[in-house]
Amino acid sequence: MSVATPDIEHIIEVLPELPPERVKEAADFIDYLADRERKHKTFVEETLAAAANPEKVTFENSKALIKAAMESVSEDS
């Protein structure tokens, strides 16, 4: 997918002025931003899906809730 915007065109114009190590830093940062955007999109989709299909989950106590949350996070990593 290629979408030309004034900002993208400007970035393309100035990249040749940068030394290779700066271009690499810019590429790494763009990869980081893209990854965050993908994760945010997934989070929003999952949140909307959960809101559309509410399911009650009960826990015996707060420790069980925290344990389940931590296990969920470690499964997602």
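The preceding data block contains the structure.
Since the model is a prediction, treat every value here as computed from it, not as a measurement.

Cut-offs and rules
- Going along each chain's sequence as written, the residues are numbered from 1 onward.
- With pLDDT at 70 or above as the cut-off, local features in this predicted model cover only qualifying residues; side-chain atom pairs require 80 or more to be listed or tallied, and sums for whole chains, interfaces and linings still use all residues.
- With hydrogens and water excluded, all non-hydrogen atoms of the structure serve as input to the side-chain values.
- Numbering of helices and strands runs from the N terminus, with a helix taken as a DSSP run of H or I at least four residues long and a strand as a DSSP run of E at least two residues long.
- In this treatment the radius of gyration is a C-alpha quantity, and the globule benchmark scales as 2.2 Å times the residue count to the 0.38 power.
- Relative accessibility thresholds used throughout: buried, under 20% of the residue-type maximum; exposed, over 50%; partly exposed, between the two (1.4 Å probe, protein chains only).
- Any carboxyl oxygen of Asp or Glu within 4 Å of a side-chain nitrogen of Lys or Arg constitutes a salt bridge here.

(A) Representation of the overall build of the chain. In terms of helices and strands, the chain carries three helices and zero strands. For the chain, the succession of helices and strands along the chain, N to C, is α-α-α. In terms of overall dimensions, the chain is more spread out than a globule: its C-alpha atoms have a radius of gyration of 21 Å, far above the 11 Å expected for 77 residues. With respect to the three principal axes, the spread of C-alpha positions in the chain is 60 × 25 × 15 Å. For the chain, the proportion of its 77 residues judged to be buried stands at 0%.

(B) Representation of the environment of Leu33 within the structure. Along the polypeptide, Leu33 turns up in helix 2 (residues 20–52). Owing to a relative accessible area of 40%, Leu33 belongs among the partly exposed residues under this scheme. Spatially, the C-alpha atoms of Leu33 and Val73 are 21 Å apart, while their sequence positions differ by 40 residues.

(C) Region of the structure containing the pattern of salt bridges. Counted according to the given criterion, the structure contains five salt bridges. Between Lys67 and Glu71 there is a salt bridge, with its nearest N and O atoms 4.0 Å apart. Linking Lys67 with Glu71, this pair stays in helix 3 (residues 62–76), spanning four residues, or about one helical turn. One salt-bridge network, held together by shared partners, links Asp35, Arg38 and Lys39.

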